[in-house]
Amino acid sequence: MNSIAADRAKPGAGLFRVRQILDNVEAKPVSTALTWPATLNPAASKRYYFWLVAPAVALLAFISIYPFFWMIYMGLHDVEIGSVVWNDFANFTRLPSDSRYVGGWLLLFQYSAMCLALQIGIGVFLAVALNGLRHEKILVTMLLMPMMIAPLVAGMVWYFLYNGTFGWYHWLLQSVGILGPKSILGSPDTAMLAIVIIDVWQWTPLITLITLAGLKRVPQDQLEANMVDGASPFVNFISVTLPNLYPVLLIAIMLRFMDNFRFIDSALVLTGGGPGNATKILPIYLFEVSFKFFKLGRGAAIALTLLVVTIILGMILAKVFDRLHPKRT
Amino acid sequence: MFYVPKEAVFRRISRRKFLELGGGAASSLGVGSMTLGLGSTITRRRVQAQSSDDAKWKQYAGSKLTFLSENTPPSFAVRDNIKTFQDLTGIEVTILTDDLPVVQQKVGIDLRSGKADYLLNYVQDKPIGAPFAEFYADMTPLFGDATLPQDPDGYGDDAWFENFLSACGRFYTEGKIVALPYDCAVACTFYRQDIFEANSKDFEAEHGYRLEFTKDSTWKNVIDMAAFFKKAKEAGKDVPYGYAQHHGSFAWTTQLDIQRLLFANGRWMDWNIDDVYGSKEPGKTNWGDEQSVLIMTKFKELADVCHPDNLANGTLELNTVYQAGNIAMQTQYHEFAASIEDEKTSRAAGGKTAYAVCPKGEASWIKNGGEAVNGCNLGIGGIGINGNASDDLKRAAYTFAIWSVSRENQFNDLKGLGGTPTRKSVFAMEEVKKSMVRPTTMPNALTFDAVYNYCIKNPHIVLGPKIPQANEYHSILAAEVQKCLSNEQTPEEACKSIQTQLDELNGAG
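What you are looking at is a predicted structure, and each value in this text was computed from that prediction instead of being measured. (Residues numbered from 1 in each chain as written. Chains lettered and ligands numbered in written order. Predicted model: local features only at pLDDT ≥ 70, side-chain atom pairs only at ≥ 80, totals over all residues. Heavy atoms only, no water.)

Visitor: Run through the UniProt feature "domain: ABC transmembrane type-1" (unreviewed entry) in chain A, naming residues and quoting values.
Guide: Per the UniProt record, the feature "domain: ABC transmembrane type-1" (unreviewed entry) sits at residues 105-317 of chain A. Between the C-alpha atoms that bound residues 105-317 of chain A the distance is 19 Å, and the span itself is 75% helix and 0% strand. (UniProt positions renumbered as here; feature names shortened; annotations may be inferred. Helix = DSSP H or I, 4+ residues; strand = E, 2+ residues; numbered from the N terminus.)

Visitor: Which residues make up the interface of chain A and chain B, and what values do they have?
Guide: With 30 residues of chain A in contact, the opposing surface of chain B contributes 33 residues. For the pair chain A and chain B, the summed buried surface comes to about 2500 Å²; carbon and sulfur atoms form 54% of the total. The tally of links from chain A across to chain B stands at three salt bridges. At the junction of chain A and chain B, the tally comes to eight residue pairs in polar contact (both at pLDDT 80 or more). For the side of chain A that touches chain B, the secondary-structure elements that each account for two or more residues are β1 (77-80) and α13 (282-291) of chain A. (Contact = heavy atoms within 4.5 Å. Buried area = accessible area lost by both parts, 1.4 Å probe. Salt bridge = Lys/Arg side-chain N within 4 Å of Asp/Glu carboxyl O. Polar contact = N/O pair within 3.5 Å; in protein donor to acceptor, adjacent residues only side chain to side chain.)

Visitor: How would you summarise the pairing of strand β7 (residues 376-385) of chain B if you had to cite specific residues and measurements?
Guide: Residues and elements named next belong to chain B. Of all 10 residues that make up β7, 10 are buried, and the element is covered over most of its length. As judged from the five bridges shared by strand β3 (residues 120-124) and β7, these two strands associate in the antiparallel manner. Note that in β7 the partner of Y122 across the bridge is I383. The pairing of strand β4 (residues 179-192) with β7 spans seven bridges and is antiparallel. Each bridged residue has a counterpart across the sheet, and for V186 the counterpart in β7 is L378. In terms of strand pairing, β7 meets strand β8 (residues 461-462) through two bridges, oriented parallel. (Buried < 20%, exposed > 50% of the residue type's maximum accessible area, 1.4 Å probe, protein only. Pairing = 2+ DSSP bridges.)

Visitor: Give a description of the pattern of salt bridges that names residues and reports values.
Guide: A pair can form between side chains of opposite charge whenever their charged atoms are brought close. All names here are of chain B. Enumeration according to the criterion identifies 32 salt bridges over all chains in this entry. In this structure, the salt-bridge partner of K237 is D202, at a minimum N-O distance of 2.9 Å. In this pair, K237 sits in the loop between α10 (219-234) and α11 (251-264) while D202 sits in helix α9 (residues 193-207), placing the two residues 35 residues apart along the sequence. Judged by relative accessible area, which is 39%, D202 ranks as partly exposed. Two residues, R438 and E341, come together in a salt bridge whose shortest N-O distance is 2.9 Å.

Given below as C-alpha cells:
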C-alpha cells in the first residue's frame, strides 16, 4: 500500500482527502527548490530578532503588565494621594462581608447567564434562518448595525425608549398590556431584564455572524448522506449541523462571557445599579468604589478578584473547547 | 490616480517621504495638543496695589484657563457671555460642562492625582465639596489681595443668602473658604392650582378640609392628596396622579427626598453634627431610632400612593412627568421653574402652577421632642480653584471666579437662561422684584418668595450632612430606601441596614 492509500485508510481521513493529496503532491518540489542566495538573506541571529521585537514588547509591558502589578500593589494598600499604607490584606478580607460585593457577583452571573442564553438561542436561530437566503449579505449587514453603536450611546437611546413619560417602547408595551404605568426601569423585578434586552439587541448579531461562518463549513456530504438516510431537516440540524457548530459557538460564548464580565456602559446610563441594588452587577460596584467613593485600594482588590475569576472561567471554557474539538494530527 | 497634465512640472513626493511627513505632523499635533490643550497656561504682567483696576484685571492677559462645571443654566449663560470676560481680562477660558456624576468623577481624579487640568471646578457642596475640600485652594488670602481686582459687593457671609457661603465654601473648619456660591437649587413645592381647584369639592367631602397648599400643609396632607388623586384615577376619573418624587438612579436625589421628611418632623438628622461645617468623624448615626423608623414608614406610605414610576425618576425625569401633566404636585428644585413656565414644552405653563414652601412636619409623627418645620434642603454649587495649581494660575483663576459670581453676571443668567442667584444684591434689584409676580420675563423669580424669604431660613433649612464619605453615604441610603419602597424589605429593616452600613463606613460600628 502506498502512503496516500495508507492515509486514506485512517478514520476520518476521508473528509480531508483532497487537501492531503494536494499537500503531498506540492510539498516535495517546493521543499527542494526553496534555497535563497546566502548573500541576500543572511541567517539572522536570535539576538537580532529579539531587538526587532523588543520595542513592541516593552511598550506592551508598559501598558499592560505594569498596571497589572500596580493594581496588585494597590489592592494590598490603602491608597491616598501621596500616601500608600499597607493594610494587612484588609481590602481582600473585607470583601466576603461586603453585601454589595457578594450581591454584585450573583447579579453578574445572573446577567451573564441570561444574556448568553438569549444571544446564543436567538443568534443561532437567525443564522440558520439567514443562511443561504437570496439577500443574505444585505440582511446580515443590516443586522450588524447595533454592534456599530457605542454601548454608551445605545444605553442613552434605550433610556429614551424606556422612559415612562415619553418612551416609545414604554408606550408600546403599555398599549398591549405588558406594562402598567410603571416603566421597565422603575421596578427591581424588570430593571435587570431591561439591560439584558439591550445587550441581546446589540450583541446577538455577533453570534449570528460567527454562527453563519460556522454554517458555511458544515460538510455538505454529511448533510446529504443523513438526508438520504431519511433524516428530517430538524434531525439533520440536531445531528449534523449543531455538532459542527460547537467549536464556533464556544468561541462566541467565550467572547461574550468575557465581554459581559466587564460590562458597565449602558447599565450605568440606564439604572446606575438601581433600583435598590437590583442591577448593581460587580463592574458597576467596582466603578462606584473606585471613581465615586475614590477607595482605590478596595477597588483594585475587587478588580483583581474579577480578573482572576474571569481567567479561571475562561480556562474552563477553553478546556471544554479542547475536549469537543481535539487537535487533529 | 489623479489627472496630471502632460507638461506638468512638479516634484513628486515619494510614498516614504509622504508617510514620514504625515507621521511627523501627527506626532507634532499630538504632543502639541497634549501640552497646550489639556492644561491651563499662564502669562503675567506685574501690577502693584496702586495700579489701576484695568491693569489688575488685565495682569494675566494671554493666559488660558479651564473650568469644568455641571450642565446647568448658569454655566451655559457664563459661556454665552464669556466674551465680556475675555475683553475685560484678555484671559481665554474654556468652559466644559457635563452631568454632575461625571463632573464629580473627573474633578475627583484631577484633584486627587495632584494635577490641575481643570483649574476651576464646580464645587457642588455635598458630592464634590465634602469629599475633596482639602484639595481646593483657600480663597481667603485672595479676598484681601490689593494686587487683584475685587468685587465691590464683597465676599462675606452678608453678601450671599443665608448659609450659602458656608454650604459650598466651608468644610470641617470655619477659617478656610474653598468656593464662592455660583448657583443654587433649593427645594420647594410646585403644584397645579387649576387641578387643585377643580377637585377641591370632592377632596373636602372625603377629607374634611380644602384641597389647597399653604405653608402649614403637612406631609400627612400630602399623603392625603396623593391618595385622593390615585383613588380617583383608578376609578377612571380624568385626573393625574397627586404627587411624585425622585428616587431614580442618582442616589443624592433620593437622599434629599427622604431628608426633607426626616428634618420636617423634629429636625431629625443623620448624625449629631454641625450641618453647616460638617464633620470628618461623625460618629454613630441616628438611623435605626424610633423616629427614623416611623418616618421611613410614612415615606413608604407616601410612595405607595404616588406616581408609580418614582424609582425610575431623577430630577430631570420627575420634572418631565410634571411638565407632561401626569402629576398635580412635586417637590422640585427652584431652578426648574423656567422649564415649567415654558409653554412650548410644558402643560403646566401659563399660570397653572403655583410655587410654595416644602411641606411641614406632622406633630403626631414627632417622637424625638423636636419641632415641626417646613423641612427644606438644597444644593449649592460653588466655584472653586484647584489647589494643585501654581500661585499665578490660582490668581488668574480667581479673577474668573469673582467675575462669574458677580451681581451683573447672576442677573444676566437669571434673565437669559434661568439662573438661580446666590447674591443678595440680585434679589434687591427692582427688575428682579417686579419679576416675582406674573407676568414675568424671569420665570425662576416666581419661586423666589417661597425660596429666599422662607425655605432657606432657619429653622427650616438643613444643609448637611457634610462628611468625607458623602457619596458612599448617598449610595447606601438610596439603595436601602429604594429596596424598602419596592417591598424588598420593611421600613425597620431598611433603617437598621442603613445604620449598620453607615456606622461601618465611619468606623463607628
